[in-house]
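The residues making up each chain are set out below.
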Amino acid sequence: MKKDESKRVALRASAVSIVLNVFLTIFKLIAGIAGRSGAMVSDAVHSASDVFSTVIVIIGFVVSRRKSDFEHQYGHERMECVSAMVLAAILAVTGIGIGHSGMLKIFSQDYGTLGQPEFIALFAAIVSIVIKEAMYRYTIFAAKKINSGSLRADAWHHRSDALSSVGSLAGIAGAMCGIKILDPIASVIISLFIIKAAYDIMKDAIDKMIDKSCDKETVAKMSTIVTEQEGVKRLDVIRTRLFGNKIYVDIEISADENLSLRESHEM
């Protein structure tokens, strides 16, 4: 995919994320206040922070697609890794915060101060789960299409929000049924999923920052392609490294010693 086309895909996905997050923020805030649900108000603030996260994705993606210049002769692809690392850190802090809050409530036996929420708060949680999961699927599809680490991180941020809303749903439903301990238990379980996603995103970004080599299957496919070329007698060396969203490959081959320099170069 050409850079201009991949840029359009990323910006379109980010624009959709911003619009829907603004809608969810307003909707959940109104539902939380009207439905007397502190959990839903907190969820609204969480959705507002997602707008900031998506802006980070846009900046990282646009900068990473800039052409190489004198000071950055290998391009700016690694800026997308930096963007993914920032988002992974935000995800990790979010997960740790949710888990810490849940653990405090469990051990203090303070199972929430939701009181008696109204049905509108429960409905808002369901709407949030559906929309956030749809945003995850849409964004992860775009991320795979253009091989974008920062967009993939933003997709997992949507999934973490969907999981957080599941916690809100459990807490609100539990409070309405008188079983308030469901809220902190769900929060702790959800936090583990969020932290795991943050770890995976951070590891992928770091691997691309430190020139990690490709997996063995990809290298084997490359080797097959090289050795199948006419005139190649043997593949002596193949080295690969991940650089942002690209793969750089260095190879050494053996060929007929009687070939001219021109013939060898063309091969």
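About the thresholds
Residues numbered from 1 in each chain as written. Predicted model: local features only at pLDDT ≥ 70, side-chain atom pairs only at ≥ 80, totals over all residues. Heavy atoms only, no water. Helix = DSSP H or I, 4+ residues; strand = E, 2+ residues; numbered from the N terminus. Rg over C-alpha atoms; globule rule 2.2 N^0.38 Å. Buried < 20%, exposed > 50% of the residue type's maximum accessible area, 1.4 Å probe, protein only. Contact = heavy atoms within 4.5 Å. Lys, Arg positive; Asp, Glu negative; His and termini not counted. Charge placed at Lys NZ, Arg CZ, Asp CG, Glu CD. Salt bridge = Lys/Arg side-chain N within 4 Å of Asp/Glu carboxyl O. Core = buried A, V, L, I, M, F, W, Y, C linked by side-chain atoms within 4.5 Å. Polar contact = N/O pair within 3.5 Å; in protein donor to acceptor, adjacent residues only side chain to side chain. Expected span 1.5 Å × (residues − 1).

**Q** How would you explain the overall build of the protein chain if you had to name every residue and give the values?
**A** For the protein chain, the count of helices and strands is eight helices and two strands. When the elements of the protein chain are put in sequence order from the N terminus, they spell out α-α-α-α-α-α-α-β-β-α. Computed over the C-alpha atoms, the radius of gyration of the protein chain is 24 Å, more than 25% above the 18 Å expected from 2.2 N^0.38 for a compact globule of 267 residues. Over its C-alpha atoms, taken along the principal directions, the protein chain stretches across nearly 85 × 35 × 30 Å. Burial analysis of the protein chain (267 residues in total) assigns 41% to the buried set. In the protein chain, the proportion of contacts linking residues at least 24 apart, taken out of those at least 6 apart, comes to 71%. If you average the places of the 31 positive and of the 29 negative side-chain charges in the protein chain, the two averages end up 5 Å apart.

**Q** Would you mind going over the pattern of salt bridges in detail, with residue names and values included?
**A** A full pass over the atoms with the stated rule returns eight salt bridges. Between D207 and K203 there is a salt bridge, and its shortest N-O distance comes to 3.3 Å. Placement of the pair is D207 and K203 together in helix α6 (residues 182-209), with a separation of four residues, close to one helical turn. For D207, a relative accessible area of 14% puts it in the buried group. With a relative accessible area of 37%, K203 lands in the partly exposed category. In this structure, D236 and R234 form a salt bridge, with 2.7 Å as the shortest nitrogen-oxygen distance.

**Q** Can you break down the nonpolar core residue by residue, with the values?
**A** Counting residues in hydrophobic clusters, the biggest one holds 21 residues, and the most contacted among them are I146, L151 and I201. Looking at this core element by element, the count peaks at six residues for α6. Beyond its immediate sequence surroundings of up to four residues, L151 is in contact with A10, A13, S14, V57, E80, T139, A142, A143 and I146. Formed by seven residues, the second largest nonpolar core is a distinct cluster that contains A31, A121, A125 and I172.

**Q** Break down the environment of S254 for me, citing the residues and quoting the values.
**A** Residue position: S254 is located in strand β2 (residues 246-254). A relative accessible area of 14% places S254 in the buried class. The spacing of S254 and G231 is 23 residues in sequence and 8.8 Å in space, taken between C-alpha atoms. Setting aside residues up to four positions removed in sequence, S254 forms contacts with G231, V232, K233, R234 and D236. A polar contact of 2.6 Å, which involves the side chain of S254, links it to the side chain of D236.

**Q** Report on helix α5 (residues 149-177), specifying residues and quantitative values.
**A** Under the 1.5 Å per step criterion, the end-to-end length of α5 is 42 Å for 29 residues, consistent within 8% with the ideal 42 Å. By the N-cap criterion, in which a side-chain oxygen at the helix start approaches the backbone nitrogen of a residue two or three places on, α5 is capped by S148, the distance to L151 being 3.2 Å. Where α5 terminates, the next one or two residues include G178, which has phi positive at roughly 85°.

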